[in-house]
Amino acid sequence: MRLVVDLNRCQSYGQCVYAAPAVFRFHGEESLEYDYAPDAGAHREVARAAAACPVQAITLSGATEPSPLSSERDR
Amino acid sequence: MSTPRRADAGRIVVVGASLAGLRAAEALRDEGFGGELTLVGDEPHEPYDRPPLSKAVLSGRLTTDRITLPRVRNIDARWLLGTAATRLDIPGRQVVLADGRRVDFDRLLIATGTRARPWPDAAGGGLAGVHTLRGRDDADRLRAALATGPRRVLVIGGGFTGGEVASGCRELGLEVTVVQRGAAPLASALGGVIGRVATGWHRAAGVDLRLHTTVRALEGDAHGRLRRARLSDGTAVDAEVAVVATGAPANTEWLAGSGLAADHRGVVCDGGCRALGADGAAVEDVFVAGDIARWPHPRFPGQLLRLDHWDNAVAQARTAAYNMTHASPNHRVHRALPAFWSNQFGVNLKSVGLPHLADQVAVTQGALDQRRFVAAYGLRGRLVAAVAVDSPRVLDGYAALIEAGAPFPPVLNAPDGPPQLRPVDAEFARPARDEPGGVRGHDTHAPAAATPAPTAHP
């Protein structure tokens, strides 16, 4: 799975850090860092983190089609 | 030319497969576009996120194979990656690629962004150890160079990228010299008052910061490896790695001869993201979004803006996609309030509005000598921007005030505000009146530096 956080919108509430501590963390007092491509096993935690974000700054992947690189080769 | 105007048909080509291009493609499908969709990108990688390149990637906490952007929906697109567009033929409705292929379109979105300005002197710029930082491959090369443990890293330019690179190098325990032409780091974006605060961050972190100084020459050894930089003050700095962080020209060369109003500053478009021709008229079916776009923002009239901002790329891509799929009477105007952020030296900095327009600045919350404060920026008695340092939860209120045209200094009654607001000169270096175009220049650092490009986020 993949995710991205809109760090303009993020207000460092840290709810994601509580929900998925293996994926989200603070670097410094207010700077959120995260893993863009966590293991599939973290999916439930990450979905919970996205739902818990007070400003809805977390976007999760929704595409099911193959990656551009593989689809390009197929054509 | 009779091209399909229906939202659900025809061929749309998006040139530029980064954040703006990807989000535009998704938005086109969201808007019901059911025709052929092609994305062209010069890099061989899937669209990825750039902000971590100068932060977590540089410091080794993330690797570049883990920053691919999520694709939020199926877009059923043809992806042409690893091939740059080299020419645009508007009457013939074709994009020509570097490998000779021609891609037909009915509607086109230009989203080719910007690139790092290279060191302008070929001899110095060609030395091993001299880097720029814009893409994934740049970040991998720089990361590898830093991993060899250079005795000193030279950062040329004290803007946001320069500060983030310097910060990352200090986290790695490397000695760093930052050479900054102006009076303070970040001064061209945030003014001298907040720039002096950033000076403190650099020096507290152990950065050797050289202000009012430029690099005259980069010198190498017999093997073509960087060894030394000669500075404008007559001193020299020994360094094995240099990072050139002196701004970003727009990737518009492929548009030469297309008839569009395009140069190194970007492609001019109207508020609805429609590209303008050299005659100033909107060009049918050609749109622009992201870092490359220069447009008139209704809140900041009298100028063309180009924003190298993440959220602007996303919002402008959505506006362009909407207008590409709706008839022009219903077009939306791109008017999102500019916003950006930076993390450096353990500090989170966020901005809304356009600080560089301001004539005055006032601390409205906290205090400059703390690492937690908000500064409000005013122009002729109106609030035009706010910058929050380690205070990420307050900016929505300031954004609303800016949108509402609130007076400056603003009336906030913030509990952590000073008893009395004291606006002072924001200390932006203004260009000489006779400078071409009257634009504010970038800090440049080399004898043969190209004409600086105006941008809201140098």
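Since the structure is predicted, the reported quantities are computational estimates derived from the model, not experimental observations.

About the criteria used
Residues numbered from 1 in each chain as written. Chains lettered and ligands numbered in written order. Predicted model: local features only at pLDDT ≥ 70, side-chain atom pairs only at ≥ 80, totals over all residues. Heavy atoms only, no water. Pairing = 2+ DSSP bridges. Helix = DSSP H or I, 4+ residues; strand = E, 2+ residues; numbered from the N terminus. Axes fitted to C-alpha atoms, helices over the stretch in contact; angles between N-to-C directions. Core = buried A, V, L, I, M, F, W, Y, C linked by side-chain atoms within 4.5 Å. Buried < 20%, exposed > 50% of the residue type's maximum accessible area, 1.4 Å probe, protein only. Left-handed = near helix turned anticlockwise from the far one by under 90°. Contact = heavy atoms within 4.5 Å. Nonpolar A, V, L, I, M, F, W, Y, C, P; charged D, E, K, R; others polar. 1 Å grid on protein atoms, 1.4 Å probe; cavity = no way out; pocket = protein on both sides within 12 Å on 5 of 7 lines; lining within 4 Å. Points joined across faces, edges and corners; volume = space filled by probe spheres on them. pLDDT = per-residue confidence, 0-100. Expected span 1.5 Å × (residues − 1).

**Some points on the sheet that holds strand β4 (residues 85-89) of chain B**
All names here are of chain B.
Then, in step 1: The 3 strands lie next to each other as β4-β5-β6, forming an open sheet whose pairing is antiparallel. The open sheet has two edge strands, β4 and β6 (102-104), and neither has a second partner. Averaged over all neighbouring strand pairs, the angle between strand axes comes to 25 degrees, with direction disregarded.
Then, in step 2: The sheet contact formed by β4 and strand β5 (residues 94-97) spans 4 bridges and is antiparallel. Its bridge partner lying in β5, R87 is registered against V96.

**Overview of the nonpolar core**
Then, in step 1: Residues F24 of chain A together with Y377 of chain B are the most contacted members of the largest nonpolar core, which totals 144 residues.
Then, in step 2: In this structure, L127, V179, V215 and V244 of chain B belong to the second largest nonpolar core, which totals 15 residues.

**Brief notes about the packing of helix α1 (residues 19-30) of chain B against helix α6 (residues 310-324) of chain B**
Residues and elements named next belong to chain B.
Then, in step 1: Relative to each other, α1 and α6 sit at 35 degrees, their axes nearing to 8 Å. Crossing handedness for the pair α1 and α6: right-handed. When α1 is examined against α6, the residues L19, A20, R23, A24, A27 and L28 are found in contact with a partner set consisting of W310, A313, V314, A317, R318, A321 and M324.
Then, in step 2: Its residues assigned to classes, the contact of α1 with α6 comprises 11 nonpolar, no polar and 2 charged.

**Let's talk about empty space enclosed by the protein**
Then, in step 1: One pass over the full model with this rule turns up 5 cavities of 30 Å³ or more.
Then, in step 2: As a volume, the largest cavity reaches approximately 150 Å³.
Then, in step 3: Every residue lining the largest cavity is counted, 15 residues in all, and those nearest its centre are L7, Y34 and Y36 of chain A together with P52 and W341 of chain B.
Then, in step 4: Elements represented by at least two residues in the lining of the largest cavity include exactly β3 (31-34) of chain A together with β21 (339-344) of chain B.

**Let's talk about the confidence of the model for chain A**
Fine structural detail should not be taken from predicted coordinates in areas where pLDDT scores are low.
Then, in step 1: For chain A, the average pLDDT comes to 92, and 93% of its residues sit at 70 or higher.
Then, in step 2: Element-level pLDDT for chain A is lowest in helix α3 (residues 68-74) of chain A, with a mean of 63, against a maximum mean of 98 in strand β1 (residues 3-5) of chain A.

**So, the sheet that holds strand β17 (residues 266-268) of chain B**
Residue and element names in this part refer to chain B.
Then, in step 1: Strands sit in the order β16-β17-β20 across an open sheet of 3 strands; the sheet is mixed. The open sheet is flanked by β16 (262-263) and β20 (293-294), the only strands paired with a single partner.
Then, in step 2: Sheet topology note: the β17/β20 ladder contains 2 bridges and is parallel. Each residue of the ladder has a partner; that of V267, found in β20, is A293.

**Here we look at α1 of chain B**
Then, in step 1: In this model, α1 of chain B (12 residues) spans 16 Å end to end at C-alpha, consistent with the 16 Å of a helix rising 1.5 Å per residue.
Then, in step 2: Most of α1 of chain B is tucked away: 11 of the 12 residues are buried.
Then, in step 3: Three or more residues of α1 of chain B are buried, namely L19, A20, G21, L22, R23, A24, A25, E26, A27, L28 and R29 of chain B.
Then, in step 4: In this structure, the buried side of α1 of chain B is in contact with β1 of chain A together with β1 (11-15), β2 (36-41), β3 (78-81), β7 (107-110) and α6 of chain B.
Then, in step 5: Remark: G32 of chain B follows α1 of chain B within two positions and exhibits a positive phi of approximately 100 degrees.

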